Amino acid sequence: MKKNILVTGGAGFIGSNFIIYILKKYQQYKVVNIDKLTYAANLKNLDEAKANPNYKFIKGDIADENFIKDVFEKEKFDIVINFAAESHVDNSISDPRIFMITNIIGTQVLLDACKKYKVGRFHQVSTDEVYGDLELDNKELLFNENSNINPSSPYSASKASADLLVKSYYRTYNLPVTISRCSNNYGPHQFKEKLIPLIIDKAIKNNKIPLYGNGLNVRDWIHVYDHCSAIDKIIHNGKIGEIYNVGARNEISNIDIVEIILKELNKPQALIEYVKDRPGHDLRYAIDSSKIEKELNWKSEYDFKTGIVETIKWYLENN
Ligand code: NAD
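Described below are features of the structure shown in this document.

What counts, and at which threshold
Residues numbered from 1 in each chain as written. Predicted model: local features only at pLDDT ≥ 70, side-chain atom pairs only at ≥ 80, totals over all residues. Heavy atoms only, no water. Core = buried A, V, L, I, M, F, W, Y, C linked by side-chain atoms within 4.5 Å. Buried < 20%, exposed > 50% of the residue type's maximum accessible area, 1.4 Å probe, protein only. Helix = DSSP H or I, 4+ residues; strand = E, 2+ residues; numbered from the N terminus. Contact = heavy atoms within 4.5 Å. Near = heavy atom within 4 Å. Polar contact = N/O pair within 3.5 Å; in protein donor to acceptor, adjacent residues only side chain to side chain. Areas by Shrake-Rupley, 256 points an atom, 1.4 Å probe, with all protein chains shown as cover. Nonpolar A, V, L, I, M, F, W, Y, C, P; charged D, E, K, R; others polar. Axes fitted to C-alpha atoms, helices over the stretch in contact; angles between N-to-C directions. Parallel < 35°, antiparallel > 145°, perpendicular 65-115°, else oblique. Left-handed = near helix turned anticlockwise from the far one by under 90°. Salt bridge = Lys/Arg side-chain N within 4 Å of Asp/Glu carboxyl O. Patch = residues over 30% accessible without salt bridge, like charges linked within 9 Å, V, L, I, M, F, W, Y side chains within 5 Å. Lys, Arg positive; Asp, Glu negative; His and termini not counted. Charge placed at Lys NZ, Arg CZ, Asp CG, Glu CD. Pairing = 2+ DSSP bridges.

Another aspect to go through is the nonpolar core. Within the largest apolar cluster, 32 residues are counted, with the highest numbers of intra-cluster contacts made by Leu-6, Ile-68, Phe-72, Phe-77, Val-80 and Phe-122. Listing elements by their share of this core, those giving two or more residues are β2 (30-35), α3 (65-74), α5 (97-116), α6 (154-173) and β6 (177-182). Per-element tally for this core: the top contributor is α5, with five residues. Residues contacting Phe-72, with those up to four places away along its chain left out, are Leu-6, Phe-77, Val-80, Leu-110, Ala-113, Cys-114, Tyr-117 and Val-119. Counting 24 residues, the second-largest nonpolar core is a separate cluster that includes Ala-41, Ala-49, Ile-81 and Phe-83.

Moving on, we get to the site of the ligand. Taken together, 28 residues lie near the ligand, and Ile-14, Asp-35, Ser-87, Tyr-155 and Lys-159 sit nearest. Residue Phe-13 places a main-chain N or O atom 3.0 Å away from an oxygen atom belonging to the ligand. One nitrogen or oxygen atom from the side chain of Ser-87 is found 2.7 Å from an oxygen atom belonging to the ligand. Burial of the ligand by the surrounding chains reaches 97%, relative to a free accessible area of 830 Å². Residue assignment for the shell around the ligand shows that the elements contributing at least two residues are α1 (13-25), β5 (121-127), α6 and β7 (184-186). Among the elements that take part in the shell around the ligand, β5 stands out by supplying three residues, more than any other. Split into classes, the residues belonging to the shell around the ligand amount to 13 nonpolar, eleven polar and four charged.

For the pair helix α9 (residues 254-264) and helix α11 (residues 304-317), the least separation of the axes is 11 Å and the interaxial angle reads 60 degrees. The orientation of α9 relative to α11 falls into the category oblique. The handedness of the crossing between α9 and α11 is right-handed. Across the interface between the two elements, Ile-257, Ile-260, Ile-261 and Glu-264 of α9 pack against Phe-304, Lys-305, Ile-308, Val-309 and Ile-312 of α11. Of the residues assigned to the contact of α9 with α11, the class counts are seven nonpolar, no polar and two charged.

Once that is clear, we can look at the pattern of salt bridges. Counting across every chain of the model gives 16 salt bridges. Here Asp-47 ties to Lys-44 by a salt bridge, and the two come within 3.0 Å at their closest N and O atoms. Residue class for Lys-44 comes out exposed when judged on its relative accessible area of 59%. Note that Asp-163 is salt-bridged to Arg-181, the shortest N-O span being 2.8 Å. Here Asp-163 is found in helix α6, whereas its partner Arg-181 is found in strand β6, with 18 residues between them in sequence.

Let's shift gears to a negative patch on the surface. Where like charges cluster on the molecular surface, the negative patch consists of Asp-64, Glu-65, Asp-70 and Glu-73. Residue placement: Glu-65 occurs in helix α3.

This part covers the sheet that holds strand β9 (residues 218-223). Pairing in this open sheet of three strands is mixed, and the strands run β7-β9-β11 from one edge to the other. Two strands bound the open sheet, and with one partner strand each, they are β7 and β11 (251-253). The sheet shows a mean angle of 50 degrees between the axes of neighbouring strands, direction not considered. Here β7 pairs with β9 via three bridges, running parallel.

The next subject is the side chain of Asp-232. Tracing the backbone shows Asp-232 in helix α8 (residues 224-237). At a separation of 2.8 Å, a polar atom in the side chain of Asp-232 contacts the side chain of Tyr-21. Those residues in contact with Asp-232 that sit more than four places away from it in its chain are Phe-18, Tyr-21, Lys-25 and Tyr-26.

This is the structure in structure tokens:
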């Protein structure tokens, strides 16, 4: 069946991987990519899609109501998937305002357009960071979809606000929505400000690798392809109005990540430089993804060792 899909933020890390994934898997689908092309975007991420007649790029801002109205007027979208966001926690601490505009107002503008133009599905790409953090020493504790929303940073507060708006459009207007809350992604196309590409880049150049606090903060790392396959399942089979946690049960501390990468690149531990901790730094994220596993028959496929080796290779080839 043919479908016309809008992907927002498709020139970023996850959105670009998703566009390539969808165009490959569903050759009858059309994908329109709206991206403002902020510092985090890279159209080179989409070289593989550029020549595909089913792919179209439109530069623009999701928070610009008139622009979004024009696009929705011309295109009849079956599915809208909102990846567009300001996504770097450190930037949200130094300058939160743009996070509120893109992540909250931008989501509201898209929701209104979906309502007006009767789009069949709006999917919000959210994050496990909306739940806040967990203690380091209680490994039994995991966040599920009913856990409290308790964000720690302006970034996660803006994502949590967007989630609440999405839920309210379902309840108030019956807008067909779904939300996914995924853990930390790694893989090709990620901008160098984020932990894994930052470590790889610094290590390749023999530069010092800054590590916040004591480096013991724990994240659940998932390969970006697994995140893409989860969103694929949700937009096709997910129940309207539902939230799905997406994780890989792969908890690793930041210091372990640095050590794994240094070992793989044959670089000395002496490159590690501990720096003053990020204010409000979340200790541990861990999510329970049994709902999507049971209800939608999804599971993460990538094992971390294979994924990280491939990712390092990708950065070496695409620096
Ligand atoms: P990214 O920063 O790599 O990409 C974001 C993209 O959005 C960029 O291309 C940027 O130009 C675009 N954008 C920003 N503001 C825009 C606006 N106003 N209008 C249109 N486009 C705009 O982010 P990412 O890591 O690919 O994350 C994508 C989504 O996934 C985000 O919503 C993020 O919250 C969520 N998420 C990310 C992770 C992760 O580990 N990276 C984990 C869970 C959820």
